[in-house]
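# Residue-level structural notes
Spelled out, the chains give:
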Amino acid sequence: MEQISDTPALRSRIAEWRGAGERIAFVPTMGNLHAGHLRLVQRGRELAPRCVVSIFVNPLQFGEGEDFGAYPRTLAADAEALRQAGADLLYTPTVEGLYPRGQAAQTRVEVPGLSDILCGASRPGHFVGVATVVCKLFNLVQPDVAVFGEKDYQQLLVIRRMTEDLCLPVEIVGVETVREPDGLALSSRNGYLTADERRAAPRLYQVLREVAEGLERGAPISQLESSGKAALEAAGLAPDYLTVRRASDLATPASGDEALVVLGAAWLGKARLIDNLQVRRTC
Ligand code: PAF
C-alpha cells in the first residue's frame, strides 16, 4: 500500500489509474480506525479494483471547545490495518495542504436545511465542514464510488444531497453500522468512555430498538420519543435528541410515510454518542 501526503503525487497516481480505465473506490476517514472503517474498505474493494482511503482530522468540522485537539491520532496502526485490509493508497493530507489560505478563507459548501437540524443544531457549522472537506477530497481523489457508514446517518444524507446538487459524478454507498456484541455502535469516540460509562453506553441502541418496536406496533411517535428520552436519562445518559424522522430527508414523518429512521444522540461523560435504526412502519 502506497502512502501519499502531497497533492501532485496523489493527482499523478489517480491520473495513471484513470488513464488505465480503472474504477476507483474511496473511503474518507479521520483515522483511529476500527472494524467499522475496515468494513467500509472491504465494501470499497468489492466495488472497484482500486481503493483509496484518506485519513484527515478535519479542523473545519469541529466547533469551538470540541475535541479536535484530543481526537485520537493513530496513524502507524491505521496504516498497518489498511495494508492488511488491502487498500491500495492511503492519502494523508496536511491541514496546510488542504486549507492553504487558512480555514477562515476557505470556500465552503453548504447543504441548507439538512445541515441545520439534529446534530447540525447542536454542532453549528459541523456539516459545512464535512461537506466542504468531502467535496475537496472528491475533487482530488476523483472516485467513481465513495463509501460511508450508516452510523452517521445525517452525514450520509448531507453527502448524498451535496453530491447530487453539485452534479459530482460519484456514487455514494452506505454501509450498515458495525456493533459490539452488546449493540454499541463502533465509534472512534468510544475510547473516551470510562469502564462504568462503557457499561451504560449500549442503552442508546436498546432504546432505539424499543422505539422501533413501538413504531411497528403503531404507537404514537411523540409518546415513543418522550419515553425513550426518559429511559436514556434513567441509564445516566444525557440525551441531545431522540427522534423519529422520515428516512429519505429527516423531515417529520407524515401519516403515510413508511420508511422511517429513529435517531439518537446522547452525552455520556466526555463522549457524545450517536446511533440510528431504520424501520419500516406498516400500520
Ligand atoms: O465520518 C468521518 O469520519 C468524517 O466526518 C469524514 C466523512 C471523513 C469527513 O471528515
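Overview of the structure. (Residues numbered from 1 in each chain as written. Predicted model: local features only at pLDDT ≥ 70, side-chain atom pairs only at ≥ 80, totals over all residues. Heavy atoms only, no water.)

The 6 strands are arranged β1-β4-β3-β2-β5-β6 in an open sheet whose pairing can be described as parallel. Here the strands that pair on one side only, and so sit at the sheet edges, are β1 (2-4) and β6 (171-175). Between one strand axis and the next, the sheet turns through 25° on average, direction left out of account. As paired strands, strand β3 (residues 50-55) and strand β4 (residues 89-91) are joined by 3 bridges and run parallel to one another. If you follow S54 over to β4, its bridge partner there is Y91. Strands β1, β2 (24-29), β3 and β4 of the sheet are contacted by helix α1 (residues 7-19), whose axis makes an angle of about 145° with β4. (Pairing = 2+ DSSP bridges. Helix = DSSP H or I, 4+ residues; strand = E, 2+ residues; numbered from the N terminus. Axes fitted to C-alpha atoms, helices over the stretch in contact; angles between N-to-C directions. Contact = heavy atoms within 4.5 Å.)

Another aspect to go through is unusual backbone geometry. A positive phi is found at N32, a non-glycine position, where the angle reads about 50°. Within the element layout of this structure, N32 appears in the loop between β2 and α2 (35-47). Judged by relative accessible area, which is 18%, N32 ranks as buried. A positive phi angle is found at L118, which is not glycine, with a value near 50°. Locating L118 in the fold gives a position in the loop between α4 (95-98) and α5 (119-122). (Buried < 20%, exposed > 50% of the residue type's maximum accessible area, 1.4 Å probe, protein only.)

Helix length check: helix α7 (residues 153-165), at 13 residues, gives a terminal C-alpha distance of 18 Å against a target of 18 Å (1.5 Å per residue), a fit within 8%. Y153, Q154, Q155, L156, L157, V158, I159, M162 and T163 are the residues of α7 that are buried. (Expected span 1.5 Å × (residues − 1).)

Its volume calculated, the second largest pocket comes out at about 220 Å³. If you go around the second largest pocket, you meet 18 residues; those closest to its centre are I55, F56, V57, R73 and P93. The residue inventory of the lining of the second largest pocket, partitioned by class, reads 9 nonpolar, 7 polar and 2 charged. (1 Å grid on protein atoms, 1.4 Å probe; cavity = no way out; pocket = protein on both sides within 12 Å on 5 of 7 lines; lining within 4 Å. Points joined across faces, edges and corners; volume = space filled by probe spheres on them. Nonpolar A, V, L, I, M, F, W, Y, C, P; charged D, E, K, R; others polar.)

The strand order across the open sheet built from 3 strands is β7-β8-β9, with neighbouring strands paired in antiparallel fashion. Since the sheet does not close on itself, it has two edges, and those belong to β7 (238-246) and β9 (271-280), each with one partner. With direction set aside, neighbouring strand axes in the sheet form an average angle of 10°. Inspection of the sheet shows β7 paired to strand β8 (residues 259-268) by 8 bridges, in the antiparallel sense. The residue bridging R246 from the neighbouring strand is L260, located in β8.

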